[in-house]
Each structure stands twice: as structure tokens, then as C-alpha cells.
Amino acid sequence: MENTIAQLTEKLLASYREVGGINHLDGQNLPSKRAIVRITQELLCLLFPGFFEERPIPSAQIKTVTARRLRTVATALEREIYRSLVYMPPPEYPRKSLRSAARSITLGLLDSLPRLREILQTDIEAAYNGDPAALSREEVIVAYPFVETIAVQRLAHELYLAKVPLIPRIMTEWAHSRSGMDLHPGAQIGTHFFVDHCTGTVVGETAVIGNHVKMYQGVGLVARSLAAGQALKGQKRHPTIEDHVTIYAGATIMGGDTVVGAGSTIGANVFLTTSVPPRSLVVQKDANIRVMSKGEHVRPEPDVQI
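From a predicted model like this one, the values you see are computed outputs, not experimental measurements.

Caption draft 1: Here's a closer look at the overall build of the chain. Along the backbone of the chain there are eight helices and 14 strands. For the chain, the proportion of contacts with a sequence separation of at least 24, taken over those separated by at least 6, is 48%. Surface summary for the chain: the accessible area is close to 18,000 Å², and the carbon and sulfur share equals 54%.

Written as C-alpha cells, this is what we have:
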């Protein structure tokens, strides 16, 4: 067995040397995915105290618990942001100032939490008002995967705007793995946003979503062919959805120059690649469905010759 393990070790080491794809073993490592997941969970607890914890927080201890959690998050997040900046320093941050930049970005995110809480309350209100199955706003927070996913996206968007590499995408992909809804951290999403059922929804990096937008499962706000690959970086590739738009299940809206006008409704399974004016109703034209009694449907006798 030991000889076999030794041989397997040498093969893997050779793969590491030849193929690459490993973290930096010497010196500064990339940010830790596990650490970022833990930080994200702590941030959710700060956004929704009492909803993402196993034990209740006594009112008399809320200040102490909040301060302790903020210190824990600040220390861990600053370390991971610094690692990310060292890996790929944005031009805005000279290499000699990366530590101070990491601290500034960390404090900036924590300072944004009250503002993000206000925006998330509008999302919760939209989910509650938009879903007759919702029992209460508390149920929406504790049970709807949408709330966790949009909360993570809004947190990650703050870091995306600060030009932090890696971490925003790690955060949103963690949420994606839990809810089945893929919201890129770069997407600009307005207030009172709600995605019913979540599963299969995709919102791309350069998508812009206005206020009071409601979507259903399986909606895609996506780019046209990406054959050009990295040459498209930085360009507007995903559609713009204006205020008070409803998009039903399975619809795909494609392209950076596609704008869905305010107050429009996009029907289920629509494939849209051109802009539509405000207050448009877009539906499938040739979807023919026949409803009949089961008694009407008589299978023809098989034509069998022997």
C-alpha cells in the first residue's frame, strides 16, 4: 500500500507542476472559500438578527452580540479582502496601500448594512404582497430562499463596486448553490424585487433591473453569443428591465441593448431579443394547445401484417 501511495503522490505532484490549477503554496494564498462562506453567514445574521441563528438573542444582549459579531466579521473579511487584492490589485489601489484599502473596503461594507437592511425590507414586502401563499413577513425571511439569495447579492454587489476580486462571486455562487438562483454580483437591482420560486433564474453581470420588478422561476436575463469571450469584458451584455415589469416563468431576455419598457409584462417561455416599449404585453403567438376529453382520444388500431 505504501508503495502505491508513494506512486500516486508522485503522479499528482507531476500534475500540479505540468497542469497547474493550484493555489499559491508559497507566500500569499487566495481567499478561503470556507472563510468567505462563514463571513457571509455572519453578515446574514447582522442583516436579520434572530432569523439565521439557532438560539434566541435576549434584548438585553443585542448590543453585545452585535458588537462581537461585527468585530469577528471585520477581522476575517479584511484578511480575505487583502488576499484578493494581492492576487489581482485593481489600478485604483497601489500595491503599497493594499492593507489600508482592505480595511477601508471592509468598514465600508459594514457601514452599508443599515442601508442594505432598508432595501431588503422592500424585497421582503414585495415577496409578501406578491405571494398569496406567504403566511407572514417572518415566514418570507426565514423560509424563502429568495431572501437569502438577494441579501447575499446585495452584499456582494457592494464589494463588486469596490473592485474586490473573487470574493463577490464566491458569495453569490454559494447562494446560487443553495437556492438554484444565479444572481451575478455585478447586476444592478432596484428596490421591491421578488423572484417567486427562484429555481433556474439567471441574472447576468451587466443586467440592470428597476424598482418593483417581479420574476418567476426559470427566467434568464442573459447575453447573446459569447464567442468573443474576454473581448466582451466591460461591455453591456445583459438586458435592462425598467420599473414595474413582470416576467413569467421560463422567459429568456437577451442582449445588452435590449430594454423592457416600464410597466410591461413578459409571458411565460417568451424568447426576447429586441426592446419593447413601456406597457407592452409580450406573449407566445403560436403556442397551440388542444384540450379534449380522454374519451375523445382513441388510439388508432396498429397496422400489423404477418
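Caption draft 2: Here's a closer look at the packing of helix α3 (residues 62–87) against helix α4 (residues 98–111). Relative orientation of the contacting elements α3 and α4 amounts to 135 degrees, with a least axis distance of 8 Å. Here α3 is positioned oblique relative to α4, judged by the angle of their axes. In this structure, the crossing between α3 and α4 has a hand that is right-handed. Taken together, the residues of α4 that come into contact with α3 (itself represented by Leu-70, Val-73, Ala-74, Leu-77, Glu-78, Ile-81, Tyr-82, Leu-85 and Val-86) are Leu-98, Arg-99, Ala-101, Ala-102, Arg-103, Ile-105, Thr-106, Leu-109 and Leu-110.

Caption draft 3: Structural view of the nonpolar core. Counting 73 residues, the largest nonpolar core has Leu-43 and Ile-247 as its most contacted members. When contributions to this core are tallied by element, the ones reaching two or more residues are α2 (33–47), α3, α4, α5 (113–130), α6 (137–143), α7 (145–161), α8 (167–179) and β3 (194–196). With residues near it in sequence (within four places) discarded, Ile-247 still touches Lys-214, Met-215, Tyr-216, Val-219, Leu-221, Ile-241, Ile-253 and Ile-266.

Caption draft 4: Structural detail: the sheet that holds strand β2 (residues 188–189). As summarised here, the arrangement of the four strands in space is β2-β5-β8-β11, forming an open sheet in which the pairing is parallel. The sheet is open, and its two borders are formed by β2 and β11 (259–260), each paired with just one other strand. One ladder, built from two bridges, connects β2 with strand β5 (residues 208–209); its direction is parallel. For Ile-189, the partnering residue across the bridge sits in β5 and is Ile-209.

Caption draft 5: Examining a nonpolar patch on the surface more closely. A surface patch of nonpolar side chains, about 340 Å² in accessible area, is lined by Met-1, Ile-5 and Leu-8. Relative to the helices and strands, Leu-8 resides in helix α1 (residues 2–19). Classification of Leu-8 as partly exposed rests on a relative accessible area of 44%.

Caption draft 6: Layout of the sheet that holds strand β4 (residues 202–203). Sheet architecture is open: five strands sit in the order β1-β4-β7-β10-β13, paired in parallel fashion. In the strand order of this sheet, the two ends are held by β1 (182–183) and β13 (271–272), each with one partner. With three bridges joining them, strand β7 (residues 220–222) and strand β10 (residues 252–254) adopt parallel strand pairing. For Leu-221, the partnering residue across the bridge sits in β10 and is Ile-253.

Caption draft 7: Just α4, in detail. For α4, with 14 residues, the first-to-last C-alpha span of 20 Å sits near the 20 Å given by 1.5 Å per residue. Inspection of α4 places Leu-98, Ala-101, Ala-102, Ile-105, Thr-106, Leu-109 and Leu-110 among the buried residues, and these make up the whole buried set. Looking straight down α4, one finds its buried side chains confined to an arc of 165 degrees; they lie on one side. Exposed residues on α4 whose side chains face more than 90 degrees from its buried face are Ser-100 and Asp-111. Along its buried surface, α4 packs onto α2, α3, α5 and α7.

Caption draft 8: Representation of the layout of surface pockets in the model. What the largest pocket holds in volume is close to 920 Å³. Taken together, 31 residues make up the lining of the largest pocket; nearest its centre are Tyr-160, His-184, Glu-205, Lys-233 and Arg-237. Listing elements by their share of the lining of the largest pocket, those giving two or more residues are α7, α8 and β7. Residue classes in the lining of the largest pocket are distributed as 17 nonpolar, eight polar and six charged. Leu-46, Thr-66, Leu-70, Leu-113 and Arg-117 are, among the 13 residues lining the second largest pocket, the residues nearest its centre.

Rules used throughout
Residues numbered from 1 in each chain as written. Predicted model: local features only at pLDDT ≥ 70, side-chain atom pairs only at ≥ 80, totals over all residues. Heavy atoms only, no water. Helix = DSSP H or I, 4+ residues; strand = E, 2+ residues; numbered from the N terminus. Contact = heavy atoms within 4.5 Å. Areas by Shrake-Rupley, 256 points an atom, 1.4 Å probe, with all protein chains shown as cover. Axes fitted to C-alpha atoms, helices over the stretch in contact; angles between N-to-C directions. Parallel < 35°, antiparallel > 145°, perpendicular 65-115°, else oblique. Left-handed = near helix turned anticlockwise from the far one by under 90°. Core = buried A, V, L, I, M, F, W, Y, C linked by side-chain atoms within 4.5 Å. Buried < 20%, exposed > 50% of the residue type's maximum accessible area, 1.4 Å probe, protein only. Pairing = 2+ DSSP bridges. Patch = residues over 30% accessible without salt bridge, like charges linked within 9 Å, V, L, I, M, F, W, Y side chains within 5 Å. Salt bridge = Lys/Arg side-chain N within 4 Å of Asp/Glu carboxyl O. Expected span 1.5 Å × (residues − 1). Arc of directions from axis to C-beta. 1 Å grid on protein atoms, 1.4 Å probe; cavity = no way out; pocket = protein on both sides within 12 Å on 5 of 7 lines; lining within 4 Å. Points joined across faces, edges and corners; volume = space filled by probe spheres on them. Nonpolar A, V, L, I, M, F, W, Y, C, P; charged D, E, K, R; others polar.

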